[in-house]
Amino acid sequence: MTKNVLFIMCDQLRWDYLSCTGHPHLHTPHIDRLAERGVLFDRAYVQSPICGPSRMSFYTGRYASSHGSTWNGIPLKVGEMTLGDHLRPLGVRTALCGKTHMTADVEGMRRLGLAPDSEIGVRVAECGFEPFERDDGLHPDGTRYARNPAYDSFMKQRGWQDENPWNSVANSAEDEDGNLLSGWFLDNADKPARAPDEESETPYITGRAMDFIREAGDTPWCLHLSYIKPHWPYIVSPPYHDMYGPETHLDPVRSEAEKADPHPVYGAFMQERVSRAFTDDTARTRVLTAYMGLIKQLDDQIGRLMAFVEEQGLADETMIVFTSDHGDYLGDHWMGEKELFHDPSARIPLIIVDPSPKADATRGLKSLALVEAIDVVPTILDYFGGVQVPHIIEGRSLLPILHGEVDRLRDVAVSEYDYSMRDVRSRLGVEVKDAKLTMLFDGRWKYIFAEGFRPMLFDLQTDPDELTDLGADPDHAQELARLRQLFFDWTRRTSQRTTISDAQIASRDASIGEAKVGILIGYRNESELREVLERAEAQDKRSGKLS
């Protein structure tokens, strides 16, 4: 039977803004249905709480400090293996429909003589994916992938003659006098976008994913369907624009005590423009109205897509992975956007539906295992029958949990953030090399190592909302020391030796290998050498190298 994977990623979708993860007013029946058919990993964390690095970790199965793309726009270096590189030798067509936030290593490609428009060059530039349709949807006028010519053409065919319909139609409203009201401004978030539902981004890219599935035929495939929303601009088409009024909004999770004497890095982020904007209740209310509407639209499109997969007869052979690249503070902890490690930012929804009978026993399970974004690549590779390569992929396959063989895979989840590109660094007077934060979470204690500053510490057992930072509390010195040691142990991992595995090294007999190629260091006479070579010959016979 042919196997396929539908790897669905949302942008900036909080873990707790689904009904299956506990939101009391935002009902997402189609995503909930995925959780019923598979496993909901309720404690999943990104490897960096910002788009680019998080996605590069999703696509490589490696920590941000391993792959080196530590902030948006920092290229993923040539040579980093990605999901497509692992799957293509297995005959799996690995394609993209939507966003990656990938920046190509142009200098590295030039140095190696890789033409950007060559088959290999395109794959390197597109994060290992075949770009069926790339649509990053970031800026009204910007780099190559800020605009999607195919979407422009689609909108013009629908009768829109705007020069940039993504900006002026899909992400703008209109007042009674016909003036454009840009969705980039928070004051316009609760207004209806000019584009009708079927012409907006989420339905459009869903349709393109369906086009790919039709085209793929019987070839095994892995499609990365990567939605732009509910990421800003916060604006949505009718009827979603007014489905969720203030009575459905949750109060912000924050306290005055958090502002009294915050950790210096946290305090600096609270002063960012976007954070200050979300402390304004009117702005927050408008954004939440749109944010929840965008999620409801997304859920409806997941329903449309799953119905299509059923109609095509593919449900029993297609693994579904549903997740997000990070969350959104939405005013919690006096913050906007993402970037730090509170759960609204660093924790993500992760649902995996394995159609194989081996997963029947865990259907509907809510797993409390600590899971990382880097576990997605080895899980997909395992599903297609690929050999695990732990010297390259740092994540772990989740199939043992999906098949009910184990209930946990790790003791600590790790996330990293490089804030050197932010104004925060300058305001704090921190050098670029020191603008680093690392989170370790063991299921109870969340520890954040901040280069040059004291650590942060939260006890999620007694303080699940993460309102009290215990990092300066002498009563928690022992806990801080334990977690610092765990951090030190993690930093000492081998992450750059990707060309040869531990198993290959362990199987070597160094003295035999050196003797066979004529490296004769330390031999006193030919008799010693003859003894080693005879041992090598016997070993070769046992391994079948000699007949």
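This section reports on the structure supplied with the text. (Residues numbered from 1 in each chain as written. Predicted model: local features only at pLDDT ≥ 70, side-chain atom pairs only at ≥ 80, totals over all residues. Heavy atoms only, no water.)

## A short note on the overall build of the chain
Our working rule: Under the scheme used here, helices are H or I runs from DSSP no shorter than 4 residues and strands are E runs no shorter than 2 residues, and both carry numbers assigned from the N terminus. The atom set for the radius of gyration is the C-alpha atoms, and the globule formula is 2.2 Å times the number of residues raised to the power 0.38. When accessible area is computed with a 1.4 Å probe and restricted to protein chains, residues below 20% of their type maximum are described as buried, those above 50% as exposed, and intermediate ones as partly exposed. The contact definition used throughout considers only heavy atoms, calling two residues in contact when any of these lie within 4.5 Å. The Shrake-Rupley method, run with a 1.4 Å probe, gives the accessible areas here. Residue values count only the displayed protein chains as cover. Here the positive residues are Lys and Arg and the negative ones are Asp and Glu; neither His nor the chain ends is included. The atoms used to mark charge sites are NZ of Lys, CZ of Arg, CG of Asp and CD of Glu.
A count of helical and extended segments in the chain gives 21 helices and 15 strands. In terms of C-alpha radius of gyration, the chain reaches 25 Å, essentially the compact-globule figure of 24 Å for 547 residues. Expressed as a percentage of the 547 residues in the chain, the buried residues total 57%. In the chain, once contacts between residues fewer than 6 apart in sequence are set aside, the share between residues at least 24 apart is 72%. Summed over all atoms, the accessible surface of the chain reaches about 23,100 Å², with 50% contributed by carbon and sulfur. When the 61 basic and 88 acidic side-chain charges of the chain are each reduced to a single mean position, those positions are 5 Å apart.

## A look at the environment of Gly-217
Locating Gly-217 in the fold gives a position in the loop between α9 (201-216) and β7 (221-230). The class of Gly-217 is partly exposed, set by a relative accessible area of 40%. Counting along the chain gives 95 residues from Gly-217 to Gln-312, while the straight-line C-alpha distance between them is 10.0 Å.

## Remarks on the nonpolar core
As a reminder of what qualifies: In this text, buried Ala, Val, Leu, Ile, Met, Phe, Trp, Tyr and Cys residues form a nonpolar core when linked through side-chain atoms within 4.5 Å.
Formed by 69 residues in total, the largest nonpolar core has its most connected members in Phe-7, Phe-41, Phe-58, Leu-350, Ile-380, Tyr-419 and Leu-437. Residues contacting Ile-380, with those up to four places away along its chain left out, are Val-5, Phe-7, Leu-83, Leu-87 and Cys-222.

## Observations regarding the sheet that holds strand β13 (residues 436-441)
Just so we agree on the cut-off: DSSP bridges decide pairing: two strands pair if at least two such bridges lie between them. Axis geometry follows a simple rule: fit a line to the C-alpha atoms, using only the stretch in contact for helices, then measure angles between N-to-C directions, giving values from 0 to 180 degrees.
As summarised here, the arrangement of the four strands in space is β12-β13-β14-β15, forming an open sheet in which the pairing is antiparallel. This sheet does not close on itself; its edge strands, each paired only once, are β12 (413-418) and β15 (456-459). The mean inter-strand angle of the sheet, taken between neighbouring strand axes irrespective of direction, is 10 degrees. With respect to the sheet, helix α18 (residues 477-491) is in contact with β12, β13, β14 (445-450) and β15, its orientation differing from that of β14 by roughly 65 degrees.

## Structural notes on the pattern of salt bridges
Keep this limit in mind: Between Lys or Arg on one side and Asp or Glu on the other, a salt bridge is scored when a side-chain nitrogen of the former is within 4 Å of a carboxyl oxygen of the latter.
Applying the stated criterion across every chain yields a total of 47 salt bridges. The salt bridge involving Arg-422 is made with Glu-272; its shortest N-O contact spans 3.0 Å. Taken together, the residues Arg-422 in the loop between β12 and α17 (423-428) and Glu-272 in the loop between α11 (264-270) and α12 (273-278) connect sequence positions 150 residues apart. For Glu-272, a relative accessible area of 9% gives the class buried. The structure contains a network of salt bridges with shared partners spanning Asp-42, Asp-343, Arg-347, Lys-446 and Glu-466.

## Concerning the side chain of Arg-254
Filter applied, for reference: Distance and chemistry together define a polar contact, namely a pair of N or O atoms within 3.5 Å, with one atom able to donate a hydrogen and the other to accept it when in protein, and with adjacent residues in sequence counting only for side-chain atoms on both sides.
Locating Arg-254 in the fold gives a position in the loop between β7 and α10 (256-260). There is a polar contact of 3.5 Å between the side chain of Arg-254 and the side chain of Asp-281. For Arg-254, the residues in contact, after removing those within four places along its chain, are Phe-278, Thr-279, Asp-281, Gly-331, His-333, Trp-334 and Leu-467.

## A few points about a nonpolar patch on the surface
Which entries qualify depends on this criterion: Patches were defined on residues exceeding 30% relative accessible area and lacking a salt bridge, with like-charge contacts within 9 Å and nonpolar side-chain contacts (Val, Leu, Ile, Met, Phe, Trp, Tyr) within 5 Å.
A cluster of nonpolar side chains, namely Val-517, Ile-519 and Ile-521, defines an oily patch on the protein surface of about 320 Å² accessible area. Mapped onto the secondary structure, Ile-519 falls in the loop between α20 (510-516) and α21 (526-543).

## Some points on α21
Stated formally: Between the first and last residue of a helix there are one fewer steps than residues, each counted as 1.5 Å, and that sum is the expected span. Each C-beta atom gives one direction from the helix axis, and the arc is the one those directions make.
With 18 residues, α21 ought to run about 26 Å at 1.5 Å a step, and its terminal C-alpha atoms sit 26 Å apart, in line with that. Restricting attention to buried positions, one finds in α21 the residues Leu-529, Val-532, Ala-536 and Asp-540. Around the axis of α21, the buried residues are gathered within 80 degrees of arc, so they sit on the same side. More than 90 degrees from the buried face of α21, the exposed residues found are Glu-531, Lys-541 and Arg-542. Along its buried surface, α21 packs onto α20. Measuring from the backbone nitrogen of Ser-527 back to the side-chain oxygen at the start of α21 gives 3.1 Å, which picks out Asn-525 as the cap. Trailing α21 by a residue or two, Gly-544 shows a phi angle of about 85 degrees, which is positive.

## Details of the packing of aromatic side chains
Here is the rule: Stacked, tilted and edge-to-face are the three classes applied to pairs of Phe, Tyr and Trp rings, where Trp contributes its six-membered ring and a pair requires centres within 6.5 Å; stacked means planes under 30 degrees apart, edge-to-face means over 60, and tilted covers the rest.
Tallied over the full model, the rule gives 19 aromatic pairs. Judged by centre distance (6.3 Å) and plane angle (45 degrees), the ring pair of Phe-7 and Phe-58 falls under tilted. With a gap of 51 residues between them, Phe-7 in strand β1 (residues 4-11) and Phe-58 in helix α2 (residues 51-60) connect regions that are remote in the sequence. Taking 5.6 Å as the distance between ring centres and 50 degrees as the angle between the ring planes, the aromatic pair formed by Trp-184 and Trp-232 counts as tilted.

## Observations concerning the pairing of strand β3 (residues 93-98)
Two faces make up the sheet, and in a regular strand the side chains alternate between them. Taking burial as the measure, the six residues of β3 include five buried ones, the bulk of the element. With six bridges joining them, β3 and β7 adopt parallel strand pairing. The partner of Ala-95 across the bridge, within β7, is Leu-223.

## Some words on the packing of helix α1 (residues 29-37) against helix α13 (residues 281-311)
Here is the rule we go by: When describing relative orientation, an angle under 35 degrees is termed roughly parallel and one over 145 degrees roughly antiparallel, while 65 to 115 degrees is termed roughly perpendicular and anything else oblique. As a working rule, the residues Ala, Val, Leu, Ile, Met, Phe, Trp, Tyr, Cys and Pro are called nonpolar, Asp, Glu, Lys and Arg charged, and the rest polar, with Gly in that last group.
Across the interface, α1 lies against α13 with an axial gap of 7 Å and an inter-helix angle of 55 degrees. As the angle between them shows, α1 and α13 are arranged oblique. Each of Pro-29, His-30, Ile-31, Leu-34 and Arg-37 in α1 lies in contact with α13, whose residues at this interface are Lys-296, Asp-299, Asp-300, Ile-302, Gly-303 and Met-306. Along the lines of polarity and charge, the residues of the contact of α1 with α13 split into five nonpolar, two polar and four charged.

## Observations regarding α18
Here α18 contains 15 residues, and its C-alpha end-to-end distance of 21 Å stays within 8% of the 21 Å for a straight helix at 1.5 Å per residue. The set of residues buried in α18 consists of Glu-479, Leu-480, Leu-483, Phe-487 and Trp-490. End-on, the buried residues of α18 take up no more than an arc of 95 degrees, which puts them together on one face. On its buried side, α18 packs onto α3 (64-67), β12, β13, β14 and β15.

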